[in-house]
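Now for the letters of each chain:
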Amino acid sequence: MRHPTDEQFVLYHYGELDQAEGAAFRSHLGECEGCRERLATLERELAAVRPVSIPERPTDYGARVWARLQPRLAEERARASKAASWWSFGAVTLRPFAYAAGLAVLVVAAFVAGRFWAPAPSPGQVAGGTPVSSTPSTTAGSEPDLAGAPGGAADPTDAAMAAARVRERILALEVGEHLERSQAALLEVMNAPDEDDGAIDLSADQERVRELVAENRLYRLAAIDAGESAMAAVLDELERALVEIANGPSRVSGTEFERVRGDIDEQGLIFKVGILGETLRQRQAKGSSI
Amino acid sequence: MDATDTPDVALAQSGDESAFQRLVERHSLGVFQLAFRLTGNESDAEDVVQDTFLKVYRELKRFESRSSFKTWLHRVTVNCSYDLLRKRPRARLEPIETDGGEAGLRAEPEADASGQPDRVAYGSEVHRRIEAAMQHLSPAERTAFVLRHFEGRSLEEIGEALGLRLGATKHSVFRAVQKMRRALAPIARTAEWGS
Ligand SMILES: [Zn+2]
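Remember, predicted model here, so these are calculated numbers, not experimental data.

## Here's the deal with the coordination of the zinc ion
Residue and element names in this part refer to chain A.
Moving on, step 1. Protein-derived coordination of the zinc ion comes from H3 (ND1), H28 (NE2), C32 (SG) and C35 (SG), at a distance range of 1.9 to 2.4 Å.
Moving on, step 2. Metal-centred angles of 103 to 115° between the 4 donor atoms at the zinc ion mark the site as tetrahedral.
Moving on, step 3. All donors of the zinc ion belong to a single chain; written as a sequence motif, their spacing is H-x24-H-x3-C-x2-C. Residue H3 is found in the segment before α1 (6-13), and its partner H28 is found in helix α2 (residues 19-31); the two are separated by 25 residues along the sequence.
Moving on, step 4. Accessibility expressed as a relative area gives 44% for H3, which makes it partly exposed.

The structure is reproduced here in structure tokens:
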């Protein structure tokens, strides 16, 4: 004789066996003394598990809750008007975010742009548009020049061209590394394990993704400034996905998560990010454009 | 309850803060009680009350008034409690004593002078063990168990509130029951006279 499993006993107790299972269970009980005893024991034990008493609240409890809550609602309104979440509404509202960072970002971006994105000047021509320092540098990473710094009257010398190429390579290297980090983070999100309850916990990934969003924003603005439209487009898509993950709930149900996964998948984003990263690695080696 | 809520929900959705205040004041106690059941801790329950109403406020526009506000509020409370349980460190991970060997704990009810077991001591020992067992449940187990065992919610409803599949919900309740039984096992043989 097959006796029901422990789990079936528990589900039977709670009336959660489906009809067929329930009928089979009852008919087994009718012919099995041992299982009747098992059930009696389970019910006795569960009957002992009674709810704890709930502490009293004052009679004006509702008013107290409201007093504590009200100031937070004002904060919430301010926050909500600043950035509607792409996650929640499915609308692409990235711009307010980018602007929120304000002038400081633009200044930094201009700096980054000036420093890294100067097109390599052809002989007999100064670097167009973007200011470039004429000072060649041996230690490119700690180059002290600033975009728009006085004394930047660049001569079309070999030294200036060499400096520009170095900058371009540094940028390719930096963006390449950023893309690698982003790709790794996206892959981790895509493959985040379901917990035993079927939901996904993204809190660990989100921390990392937030940093990537800030980083990405700088590179994207720099790419736009430099007229690197292919790169800017990929960075833009990447940023939307990163923002969505960063601003989303840290814990999502399987269904919600599938939607995000689907979005990332549909855009072939990880693939594109990978391709761009690869292109940049090559570019870094050769010093050519995308 | 819900008949009263409907006009206030509509007003609150259009930005009327005093209508939202009425909803908060009307339901605070119920939210607290459920949150206390779920978290087992007064200050955590108070935090859940705040989180719940803040979330409700944030998502009120998306609430469709066809469904019951109270049901939705209940679900948000469960969600917020569950989030809090997941963030809360599960401090005491040492196993609950399951044999009679532990020092200082009574595996058997004490007898008083007349030789009768001390019912009060027994009752508090059961209570203590249930509390301890509850602390050892995972957030999903605890939430599912409280909702099924104490609140009488259906597994389907619980699964929806937690974003769990039915199978996972069933399994959570089952594991919780197993842990409770294990915790009660050392004193279970004396349960007959206790009931
Ligand atoms: Zn049997």
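## Comments concerning the interface of chain A and chain B
Accessible area lost when the parts come together is the quantity often used to give the size of an interface.
Moving on, step 1. Contacts between the two partners involve 44 residues from chain A, matched on the other side by 55 residues from chain B.
Moving on, step 2. At the boundary of chain A with chain B, total buried surface from both sides reaches about 4,700 Å², with 58% on carbon and sulfur atoms.
Moving on, step 3. It is Y14, V49 and W66 of chain A that lose the most area in chain A upon contact with chain B, and together they represent 14% of the buried surface on that side.
Moving on, step 4. Linking chain A to chain B there are 8 salt bridges.
Moving on, step 5. Joining chain A to chain B, the criterion identifies 18 residue pairs in polar contact (both at pLDDT 80 or more).
Moving on, step 6. Broken down by secondary-structure element, the contributors of at least two residues to the side of chain A that touches chain B are α1, α3 (33-48), α4 (61-82) and α5 (86-89) of chain A.

## A short note on the pattern of salt bridges
Moving on, step 1. Evaluation of the coordinates by the stated rule reveals 27 salt bridges over all chains.
Moving on, step 2. Taking the shortest distance from any N to any O, the salt bridge between E76 of chain A and R58 of chain B comes out at 3.0 Å. Of the two residues, E76 of chain A is situated in helix α4 and R58 of chain B in helix α3 (residues 42-59); the pairing between them involves two chains.
Moving on, step 3. Of the residues examined, R58 of chain B reaches a relative accessible area of 42% and is grouped as partly exposed.
Moving on, step 4. Measuring nitrogen to oxygen at the nearest pair gives 2.9 Å for the salt bridge that ties D236 of chain A to R240 of chain A. Here D236 of chain A and its partner R240 of chain A are both found in helix α10 (residues 229-247), 4 residues apart, which amounts to about one turn of the helix.
Moving on, step 5. The class of D236 of chain A is buried, set by a relative accessible area of 13%.

Scoring rules and cut-offs
- Residues numbered from 1 in each chain as written.
- Chains lettered and ligands numbered in written order.
- Predicted model: local features only at pLDDT ≥ 70, side-chain atom pairs only at ≥ 80, totals over all residues.
- Heavy atoms only, no water.
- Donors = N, O, S within 2.8 Å, 3.2 Å for Na, K, Ca; no water.
- Tetrahedral: all angles 85-135°; square planar, octahedral: opposite > 155°, others 65-115°.
- Helix = DSSP H or I, 4+ residues; strand = E, 2+ residues; numbered from the N terminus.
- Buried < 20%, exposed > 50% of the residue type's maximum accessible area, 1.4 Å probe, protein only.
- Contact = heavy atoms within 4.5 Å.
- Buried area = accessible area lost by both parts, 1.4 Å probe.
- Salt bridge = Lys/Arg side-chain N within 4 Å of Asp/Glu carboxyl O.
- Polar contact = N/O pair within 3.5 Å; in protein donor to acceptor, adjacent residues only side chain to side chain.

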